[in-house]
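Architecture at a glance
Listed here are the chains, written in short residue letters.
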Amino acid sequence: MIVTRLDRMLVDRKVTSKKLAEHVGISPVNISRIKSGRCNGIRFSTLAAICEALDCQPGDLLEYIPDDEVEDRLGIAD
């Protein structure tokens, strides 16, 4: 399972979802979907714009968790 760490990065960088959405050129709703993992995909251009805005690498925003570790690491059942 791929999980997003965008929420953590926004807090670390002291940037609001609204400001990030404005900078990247997508809606705040789409930022929310990315933060919550409710999107099935993200364009590389969007990912690059987010990384530019937050001065980070894609690996700072995305994490792979093996299916057998999801429940332990996130406290949820897959």
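The structure under discussion appears in the preceding block.
Residues numbered from 1 in each chain as written. Predicted model: local features only at pLDDT ≥ 70, side-chain atom pairs only at ≥ 80, totals over all residues. Heavy atoms only, no water.

Take the nonpolar core next. A general trend in soluble globular proteins is that nonpolar side chains are found buried together. Leu 6, Leu 20, Ile 50, Leu 54, Cys 56 and Leu 61 are the most contacted members of the largest nonpolar core, which has 15 residues in total. Going through the elements one at a time, helix 1 (6-13), helix 2 (17-24), helix 3 (28-36) and helix 4 (44-54) are the ones with two or more residues in this core. Looking at this core element by element, the count peaks at five residues for helix 4. When residues no more than four places from it in sequence are discounted, the contact partners of Leu 6 are Leu 20, Ile 31, Ile 34, Lys 35, Ile 50, Leu 54 and Leu 61. (Core = buried A, V, L, I, M, F, W, Y, C linked by side-chain atoms within 4.5 Å. Buried < 20%, exposed > 50% of the residue type's maximum accessible area, 1.4 Å probe, protein only. Helix = DSSP H or I, 4+ residues; strand = E, 2+ residues; numbered from the N terminus. Contact = heavy atoms within 4.5 Å.)

The computed volume of the largest pocket comes to approximately 210 Å³. If you go around the largest pocket, you meet 13 residues; those closest to its centre are Ile 2, Thr 4, Cys 39, Ile 42 and Leu 62. Broken down by class, the residue content of the lining of the largest pocket amounts to nine nonpolar, four polar and no charged. Of the pockets and cavities examined, the second largest pocket occupies roughly 150 Å³. What lines the second largest pocket is a set of 10 residues, among which Ile 2, Val 3, Thr 4, Ser 36 and Gly 37 lie closest to the centre. (1 Å grid on protein atoms, 1.4 Å probe; cavity = no way out; pocket = protein on both sides within 12 Å on 5 of 7 lines; lining within 4 Å. Points joined across faces, edges and corners; volume = space filled by probe spheres on them. Nonpolar A, V, L, I, M, F, W, Y, C, P; charged D, E, K, R; others polar.)

Turning our attention to the environment of Ala 48. Within the secondary structure, Ala 48 sits in helix 4. Classification of Ala 48 by relative accessible area gives partly exposed; the value is 45%. Separated by 46 residues in sequence, Ala 48 and Ile 2 place their C-alpha atoms 18 Å apart.

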